[in-house]
Amino acid sequence: MEKVEATATVRDFDPISGSIPATKVEITVSLVVLYTQGVETKQWREFGRTEVIDNTLNPDFVRKYILDYFFEEKQNLRFDVYDIDSKSPDLAKHDFLGQVHCTLGEIVGSPASRLEKPLCGIPGKKCGTIILSAEELGNCRDCATMQFCANKLDKKDFFGKSDPFMVFYRSNEDGTFTICHKTEVVKNTLNPVWQPFSIPVRALCNGDYDRTIKAEVYDWDRDGSHDFIGEFTTSFKELCRGHSQLNIYEVSGDKNTVSLLSFNVESDHTFLDYIKGGSASLCWFASLNLTSLVLKGNPSQSTSLHYMNPYQMNAYAMALKAVGEIIQDYDSDKMFPALGFGAKLPPDGRVSHEFPLNGNIENPYCNGMEGILEAYHQSLKTVQLYGPTNFAPVVNHVARYAAAVQDGSQYFVLLIITDGVISDMAQTKEAIVNAAKLPMSIIIVGVGQAEFDAMVELDGDDIRISSRGKLAERDIVQFVPFRDYMDRTGNHVLSMARLAKDVLAEIPDQLISYMKSRGIKPNPVPPAHLPCDQPQTNPV
């Protein structure tokens, strides 16, 4: 079979409850049948078929598939190609010509969002080639910028006034609400004026202008037990009326109000604009804290967080695999640097907080997820786990790479997997504040049963992290505790997909925030269709 190139259409993905699509993409494929795989069930479901093109080895299909694209999810796709011999809808009655498996992330992450793969599935036979390309739909680009203030809020603090902040939620079709934005905390006032903030319209209402938007007002408390002040509901359509009496909302009594000061909507550059145009390639570092809280120095015992169970992966390996399998779709060569910290190294037993897991200082790169996992297991056999646990060296290590390419051509993601103990908090805060102005994000996954107060503090969701009186330019840290995704026995992950989703959800907006802050615009998209014999170049 010769090279085929086609366009096809299918109904939308079923949304995962509470998920916000990163965007919608229009996918062009050379195939007859598209299948998607359930996140939990792993069962393949048919999502649509192309029209039948008669008597050609190079069919040019007209229909297109419209898919919800989630950067933070692994969306498995399967394309089956058939030679249709009759009008029967039963595929078993037609000749199977080949198939290909890939993820939506692979298509989006390819140069110009155009992926070419050989068809397979018939032993000993060359089945031809399939070309898959993705194009973002225009209605996903709108971004709303708004500012709120409040008047005469309830006093919640005994010795002071209140430290109010707002939390915004998007309503889901099942009646639940999903958080989509938190404002900063304004200290010691009953009449706060919050800073303007921008949020994609898809995140605010998923494109439904009449969908309910709920806002809650809280008084911030240091221990996390924030006092509820009040709430109100609105909609995107109502917010579009701008600053007026119609956008003054009661939150707890007639005199306690929140007012919309300004509201503006404009079309913005999206995550896919930067990825598809080759403007930014994701480069990520994996960093594993080898110091074990439970048992230092002996990963061969089952009480260790690093225990190498022959029948299942430990928490470090599971977290690495869940996140890495998604990130790797956006790296052309699948070679990743992996660092360890918190160990004594052979031959002299020196303590290191920044060493290559594969033991090769000149070339710390590992081949894909399997390569990182292999290097991790080998390092446990050669190094001695040792404290203290210092984060700053690995943060500064990646920051040096990011500082060298601030033109937006590369964006660095540091994944830190740790047991939660941190010995250099002041230095780590300073490193993160300095890194916040660089093309860089930090993901922290906490394993074990330790208290993660320090990790929560590094994640600037409630209060932007600061060091020596200097506030971080932007929030670049996302923290999740691994135990929230385990069953009651602590032996099995309830949902690897949900873990990856929660860990990675902020990366697209963090990348965009850096690009916007530096005035970096996406590169023009290369031609969608290159000659079949023309070699393609991989992104840096």
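Up top is the structure.
Computed from a prediction, not measured in an experiment: that's the story for all the values here.

## What about helix H5 (residues 315–327)?
Item 1. In a regular helix each residue adds 1.5 Å, so 13 residues correspond to 18 Å; H5 covers 18 Å between its end C-alpha atoms and thus fits that length.
Item 2. Of all the 13 residues making up H5, eleven are buried; the element is thus mostly covered by neighbouring parts of the structure.
Item 3. Ala-315, Tyr-316, Ala-317, Met-318, Ala-319, Leu-320, Ala-322, Val-323, Gly-324, Ile-326 and Ile-327 are the residues of H5 that are buried.

## What about the pairing of strand S12 (residues 177–182)?
Item 1. Sheet topology note: the strand S11 (residues 164–171)/S12 ladder contains five bridges and is antiparallel. Bridged to Phe-168 within S12 is His-181.
Item 2. Count of turn residues in the S11/S12 antiparallel hairpin: five residues, of which Gly-175 carries a positive phi of about 90°.

## Concerning the environment of His-181
Item 1. In this structure, His-181 sits in strand S12.
Item 2. Overall, His-181 belongs to the buried group, its relative accessible area being 19%.

## Re empty space enclosed by the protein
Item 1. Per the counting criterion, the structure on display carries one cavity of 30 Å³ or more.
Item 2. If you add up the space inside the largest cavity, you get close to 40 Å³.
Item 3. Forming the boundary of the largest cavity are Tyr-69, Phe-70, Phe-71, Glu-73, Lys-74, Gln-75, Thr-103, Leu-104, Gly-105, Ile-326, Asp-329 and Tyr-330.
Item 4. Residues that form the lining of the largest cavity fall into these classes: six nonpolar, three polar and three charged.
Item 5. Split by domain, the residues of the lining of the largest cavity number at least three in each of domain 1 (23–136) and domain 3 (280–518).

## So, the pattern of salt bridges
Once the charged atoms of two side chains with opposite charge are near each other, the side chains can pair.
Item 1. The final tally for this structure, using the stated rule, is eleven salt bridges.
Item 2. Across the salt bridge formed by Asp-509 and Arg-202, the nearest N and O atoms sit 3.8 Å from each other. Here the residue Asp-509 occupies a position in helix H11 (residues 507–517), and Arg-202 occupies one in helix H2 (residues 201–205), the gap between them amounting to 307 residues.
Item 3. Looking at Asp-509, the relative accessible area reads 39%, which means it is partly exposed.
Item 4. Judged by its relative accessible area of 18%, Arg-202 is buried.
Item 5. In this structure, the salt-bridge partner of Glu-354 is Arg-400, at a minimum N-O distance of 3.0 Å. Placement of Glu-354 in the loop between strand S21 (350–352) and strand S22 (355–356) and of Arg-400 in helix H7 (residues 392–403) is noted, with a sequence separation of 46 residues between them.
Item 6. On the accessibility criterion, Glu-354 (31% relative accessible area) is partly exposed.

Thresholds applied
Residues numbered from 1 in each chain as written. Predicted model: local features only at pLDDT ≥ 70, side-chain atom pairs only at ≥ 80, totals over all residues. Heavy atoms only, no water. Helix = DSSP H or I, 4+ residues; strand = E, 2+ residues; numbered from the N terminus. Expected span 1.5 Å × (residues − 1). Buried < 20%, exposed > 50% of the residue type's maximum accessible area, 1.4 Å probe, protein only. Pairing = 2+ DSSP bridges. 1 Å grid on protein atoms, 1.4 Å probe; cavity = no way out; pocket = protein on both sides within 12 Å on 5 of 7 lines; lining within 4 Å. Points joined across faces, edges and corners; volume = space filled by probe spheres on them. Nonpolar A, V, L, I, M, F, W, Y, C, P; charged D, E, K, R; others polar. Domains from an automatic or database assignment. Salt bridge = Lys/Arg side-chain N within 4 Å of Asp/Glu carboxyl O.

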